[in-house]
Amino acid sequence: MNNITTFEFRFPLPNGLHARPANAIMEVVKPLGCHVRITNLRNQKMADASSVLSMIACDISLNDQCLISIEGQSEAEAVKSAQQQLKQFLEGRFLSCDDALPELKATQQQPLPYMLRQEKMDSWRGTAVSAGVATGKVIHLGEPVLTLSVDSVQQGSVGEERQRFDSARQHLLAIMEHQAESSTGEEQAIVKAHLSLLCDQELNNNLQSQLLEGQSILAAILTTQDYYANLIAESSNTYLQERVLDIRDVCSRLIVEVYGTESFQTSDQSLTEDSICIADHLAPSQFLALDRSLLKGLVLESGGSTSHTVILARSFGIPVLVGIEQARNHIAAGEIAILDAGNSLLVARPSDSIHRYYQLEQQKLDRLSANRQQYLKVNACTVDGQSIEVAANIASAEEAEIAFANGAESIGLFRTEMLYMDRNQPPSEEEQLAIYRQALEHAGDRPVIIRTMDIGGDKPVDYFNIGAEENPFLGYRAVRIYPEYLDYFKAQLSAILRAAVYGNCKIMVPMVATVAEAKWLRETYNEVIATLTEQQVAHKSDVPLGMMLEVPSCAFIIDQLVRYVDFFSIGSNDLTQYFLAADRGNANVEYLYDSLNPAFLRQLKHIVDEVHKVGSWVGMCGEFAGDPTHMPLLIGLQLDEISLGAPRIPEVKEAIHGLSAESCKALLAEALDLETAEEVRTLLKKNRQETSGQLPILTSETILVNADCRTKAEVIKTLIDNLQVNGRLMDSQGAETAIWEREGISPTMLGFGIAIPHCKSDTIAANTISIMKLKEPVLWNEGDEMLTDTVFMLTVRASDAGNTHMKIFAQLARRIMRDEFRASLAACVDQQELMAYISQELEL
């Protein structure tokens, strides 16, 4: 007799029950030995918890009340135990299973830049879901059309069809497994999602039942595909609706495996030059088949922001617009188009003026990039000589090369737990050795800190058998599981020590909370070294052993910990949530989770001071270290190193090079006396304005000579862009708007070919006189036919506008009326001459 128990729970994940959380439930249910069903009480749909597809089709959304039924042939106590395990999982670790990207909001209501607003153009607004600007030839991509029909395909016996299908499925499985192994990042994650569909038990049972009923393989696949596609398409959850493409994609690949590539008629998808592809929607496999070196932009007429194709495009840096209906009817194949995701804009047949705008925009972006390029090969250092090592966080050996190309001085965090996930057994010592060696060889003599496995918490791994916990972040994870899984830990230590002969390696252990744990780590480390020495295996025996400092208790025992560890790295994410008792994944308390809380800053200062007092080294990895606006605080703390995501390294190093260490120490002291995180943010913003405000009002960088601008709008855009490149603006679009608003009040053309556009605004960081001498004069005001060849632009902070703004304007206006001033101005041919002459005339 079967025993049955039930319980209800309210679904907690914002994006509903999609593939990842469904897969997590399935993995927890597998070892329970019970039949688990989930009923959505909102729509009465029931799902088998052993099937990801069945659960997705149940259309479970945030806050839906669900009934969990657990049925087993075991004793009643065993079934109740299974219930308790599942309940603990759903109330604990399950809360970290929602990895869906947030849906990006449309930007249709944002005004276009002034130059674009003035142009007549064939354009459409969509929703930008991947950033960037692209120009290219339009390519229309059609949906593959099935050329076979159920009646036309040759059909064997039931046994032959089943054997043929199994063979095709196994072949596709092997192809996709290889694809998953050879890919990384989002591509790998999406291939694995498709693999889970191909392996789904309910999907395969459905297919097999169709075959057993005498249907052909084609009929069975189409029937099954339509069944699940229709179920999911009816979902009230947009994210789930977009998974229909994934089901159709996998089923189409199955059909091709059975009947060959000729089973579908497809449009020519070969790209021969820079292209913008337009489609109604695009399956992930179609996207991956395109030449991404020539795919410059993508427009989807009916796609959504969370489709797997969009996620792939975003990971490859390809700009994408969605939601432009009938885009292929608007723009013919072969025409030139511009896709501007920043303005949610698709422009067909752009005029010369439109091309000019985007040329100027690209020049600005190139200059911003070039500014940061200078920091790629130099170490981070403040203006008064304080150094701080800027390192990168990576999760694979391949990422090391990318990190160093972005200016990383070292690898501050190599997360190794990813090597243990999505597999049935831990990686072997030899497999790990090869991976660590690859990362170290990429680094050369630069340090690589390899963090040992952080399993548990939000990173469950089935073969560790940790089980469900009420509060996994405070539970059995990281260093706490090492004694039980000692063979795994020793194998990892051995692999790292052996790899260390190929580079500059350090070992770091996560979640250390006590001196006893640190002592045990040192003893275990010594045991592994002794074993390698005894076995005469090549290794390094002096690899520094450090620890993550993410448990608040460690802040008060640093003098004892240093007996057993060689260095520390502050894990700002976990330390913040543990120190402030605020789960960073809980929306109800996220207002408390704030690393700018003055109490948290005080703790950081205590840690750094204590570590330096005992003569040790301390770095920081985590989100706090990756924000350029936080650099004054981190420099003030006198950290030895920060480690962050590779893409932000150039921007962070640029920020550091503009800071004074002494000023940062004073700023930190001021921040420690504040009461709220918001006050600290205000202080940082004020400091940025004051730092920029120390810049001279006129420099050679704010003077442009022989400028190739053809309209007034180009002049103003170019001058504003130049201020942005030189770090003199808080908000470039706001500053440009302020200039044009002043132009609308009264003309700023003073005569004699000279104009003085100006504004006062809080979008200005540094008061500036910009000067432009044009290659050819431009018409300044419509209707008066007066040409301008020299422009003085005054941009002044609103708080300083009273004296500075009017004084400079009056001085210029008076001098422009003098013949000798205009003659001397015309005689200045380069930036230095102009700066010297104007500085003297205006007594700057």
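Refer to the structure presented above.
Residues numbered from 1 in each chain as written. Predicted model: local features only at pLDDT ≥ 70, side-chain atom pairs only at ≥ 80, totals over all residues. Heavy atoms only, no water.

1. Quick notes on the packing of aromatic side chains
In total, this model carries eleven aromatic pairs according to the counting rule given. Relative to Tyr 488, the ring of Tyr 485 lies with its centre 5.8 Å away and its plane at 20°, an arrangement referred to as stacked. Assessed through its relative accessible area of 25%, Tyr 488 is described here as partly exposed. A cation over an aromatic ring shows up here: Lys 506 above the ring of Phe 567, its NZ or CZ 5.5 Å from the ring centre. (Phe/Tyr/Trp six-rings, centres within 6.5 Å; stacked < 30°, edge-to-face > 60°. Buried < 20%, exposed > 50% of the residue type's maximum accessible area, 1.4 Å probe, protein only. Lys NZ or Arg CZ within 6 Å of the ring centre and 35° of its normal.)

2. Describing the pairing of strand E19 (residues 545-549)
Counted residue by residue, E19 has five buried out of five residues, so it is predominantly covered. Where burial is concerned, the two faces of E19 agree: the one with Leu 545, Met 547 and Leu 549 and the one with Gly 546 and Met 548 are both buried. For strand E18 (residues 504-509) and E19, the ladder comprises three bridges, and the chain directions are parallel. Considered in E19, the bridge of Met 508 is made with Gly 546. (Helix = DSSP H or I, 4+ residues; strand = E, 2+ residues; numbered from the N terminus. Pairing = 2+ DSSP bridges.)

3. Points about helix H5 (residues 158-182)
When the terminal C-alpha atoms of H5 are compared, their 36 Å separation across 25 residues agrees well with the 36 Å that a helix rising 1.5 Å per residue should span. Among all positions in H5, only Glu 161, Phe 165, Ala 168, Arg 169, Leu 172, Leu 173, Met 176 and Ala 180 are buried. (Expected span 1.5 Å × (residues − 1).)

4. A short note on the sheet that holds strand E2 (residues 35-40)
In a beta sheet, neighbouring strands are held together by backbone hydrogen bonds and run either parallel or antiparallel to one another. Strand order in this open sheet of four strands is E1-E4-E2-E3, and the pairing throughout is antiparallel. Each of the sheet's edge strands pairs with one partner strand only, and the pair in question is strand E1 (3-10) and strand E3 (45-48). Pairwise comparison of adjacent strand axes, ignoring direction, gives a mean angle of 20° for this sheet. Pairing geometry for E1 and strand E4 (residues 65-72), over eight bridges, is antiparallel. Each residue of the ladder has a partner; that of Thr 6, found in E4, is Ser 69. (Axes fitted to C-alpha atoms, helices over the stretch in contact; angles between N-to-C directions.)

5. Looking at the layout of surface pockets
When its volume is computed, the second largest pocket comes out at roughly 1400 Å³. Together, 39 residues line the second largest pocket, and Glu 654, Ala 655, Arg 688, Ser 692 and Gly 727 are the ones closest to its centre. If you list the elements that add at least two residues to the lining of the second largest pocket, you get helix H14 (352-373), helix H22 (631-637), helix H23 (649-657), helix H25 (677-693) and helix H26 (712-725). Element by element, the count of residues in the lining of the second largest pocket is highest for H25, at seven residues. Looking at the lining of the second largest pocket, its residues break down into 14 nonpolar, 14 polar and eleven charged. (1 Å grid on protein atoms, 1.4 Å probe; cavity = no way out; pocket = protein on both sides within 12 Å on 5 of 7 lines; lining within 4 Å. Points joined across faces, edges and corners; volume = space filled by probe spheres on them. Nonpolar A, V, L, I, M, F, W, Y, C, P; charged D, E, K, R; others polar.)

6. A few points about helix H10 (residues 244-259)
The terminal C-alpha atoms of H10, which comprises 16 residues, lie 22 Å apart, in line with the 22 Å expected from a rise of 1.5 Å per residue. Looking one or two residues past H10, Gly 260 carries a phi angle of roughly 95°, positive in sign.

7. Here we look at the packing of helix H17 (residues 486-499) against helix H18 (residues 515-534)
Contact geometry for H17 and H18: axes closest at 10 Å, N-to-C directions at 65°. Considering how the two elements wind past one another, H17 and H18 form a crossing that is right-handed. On the side of H17, the interface is formed by Leu 486, Phe 489, Lys 490, Leu 493, Ser 494, Leu 497 and Arg 498, while H18 contributes Trp 520, Leu 521, Thr 524, Tyr 525, Glu 527, Val 528, Ile 529 and Leu 532. (Left-handed = near helix turned anticlockwise from the far one by under 90°. Contact = heavy atoms within 4.5 Å.)

8. A few points about the pattern of salt bridges
The full count for this structure, using the stated rule, is 36 salt bridges. Two residues, Lys 137 and Glu 273, come together in a salt bridge whose shortest N-O distance is 3.3 Å. Here Lys 137, found in strand E7 (residues 133-141), pairs with Glu 273, found in the loop between strand E9 (264-265) and strand E10 (275-279); they are 136 residues apart in sequence, far enough to count as distant. A residue is classified by how much of its surface remains accessible, and Glu 273, at 37% relative accessible area, is partly exposed. With a shortest N-O distance of 3.1 Å, Glu 610 and Lys 613 are connected by a salt bridge. Residue Glu 610 and its partner Lys 613 are located together in helix H21 (residues 598-613), separated by three residues, close to a single helical turn. Under the relative-accessibility criterion, Lys 613 is labelled exposed at 63%. One network of salt bridges, with partners in common, ties together Glu 361, Lys 364, Lys 717 and Asp 721. (Salt bridge = Lys/Arg side-chain N within 4 Å of Asp/Glu carboxyl O.)

9. Things to note about the nonpolar core
Note that soluble globular proteins tend to have their nonpolar side chains buried in a common cluster. Ranked by size, the top nonpolar core spans 101 residues in total, and within it Ile 570, Leu 639 and Ile 642 carry the most contacts. In this structure Ile 570 touches Leu 549, Leu 575, Leu 604, Ile 607, Val 608, Val 618, Gly 619, Met 620, Cys 621 and Leu 639, once residues within four positions along its chain are discounted. (Core = buried A, V, L, I, M, F, W, Y, C linked by side-chain atoms within 4.5 Å.)

10. Quick look at the sheet that holds strand E12 (residues 320-322)
Strand order across the open sheet formed by eight strands is E5-E14-E13-E7-E10-E11-E12-E6, with mixed pairing between neighbours. The open sheet terminates on both sides in strands that have one partner only, identified here as strand E5 (122-125) and strand E6 (127-130). Strand after strand, the sheet turns through a mean of 30° between neighbouring axes, direction not considered. Bridge analysis of E5 against strand E14 (residues 345-348) gives four bridges, and the strand direction is antiparallel. The partner of Asp 122 across the bridge, within E14, is Ala 348. Contacts from helix H12 (residues 308-315) reach E6, strand E11 (295-300) and E12, with the element oriented near 60° to E6.

11. Section: the packing of H5 against helix H7 (residues 201-212)
In the contact formed by H5 and H7, the axes pass within 9 Å of each other and the chain directions differ by 150°. When the axis of H5 is compared with that of H7, the two are roughly antiparallel. H7 is crossed by H5, and the crossing has right-handed handedness. Residue-level inspection shows Val 158, Glu 161, Arg 162, Phe 165, Asp 166 and Arg 169 of H5 in contact with H7, the latter providing Asn 204, Leu 207, Gln 208, Leu 211 and Leu 212. For the contact of H5 with H7, the class distribution of residues is five nonpolar, two polar and four charged. (Parallel < 35°, antiparallel > 145°, perpendicular 65-115°, else oblique.)

12. A closer look at empty space enclosed by the protein
Counted according to the given criterion, the structure contains one cavity of 30 Å³ or more. Empty space within the largest cavity amounts to approximately 60 Å³. If you go around the largest cavity, the residues you meet are Met 176, Gln 179, Ile 190, Val 191, His 194, Asp 249, Arg 253, Pro 284, Ser 285 and Leu 288. When residues of the lining of the largest cavity are traced back to their parent elements, those giving at least two are H5, helix H6 (185-198), H10 and helix H11 (284-289).

13. Comments concerning the side chain of Ser 54
Along the chain, the position of Ser 54 falls in helix H2 (residues 52-56). A distance of 2.9 Å separates a polar atom in the side chain of Ser 54 from the backbone nitrogen of Asp 48. Within polar-contact distance, the side chain of Ser 54 engages the side chain of Glu 202 at 3.2 Å. Leave out the neighbours within four places in its chain, and Ser 54 touches Met 46, Ala 47, Asp 48 and Glu 202. (Polar contact = N/O pair within 3.5 Å; in protein donor to acceptor, adjacent residues only side chain to side chain.)

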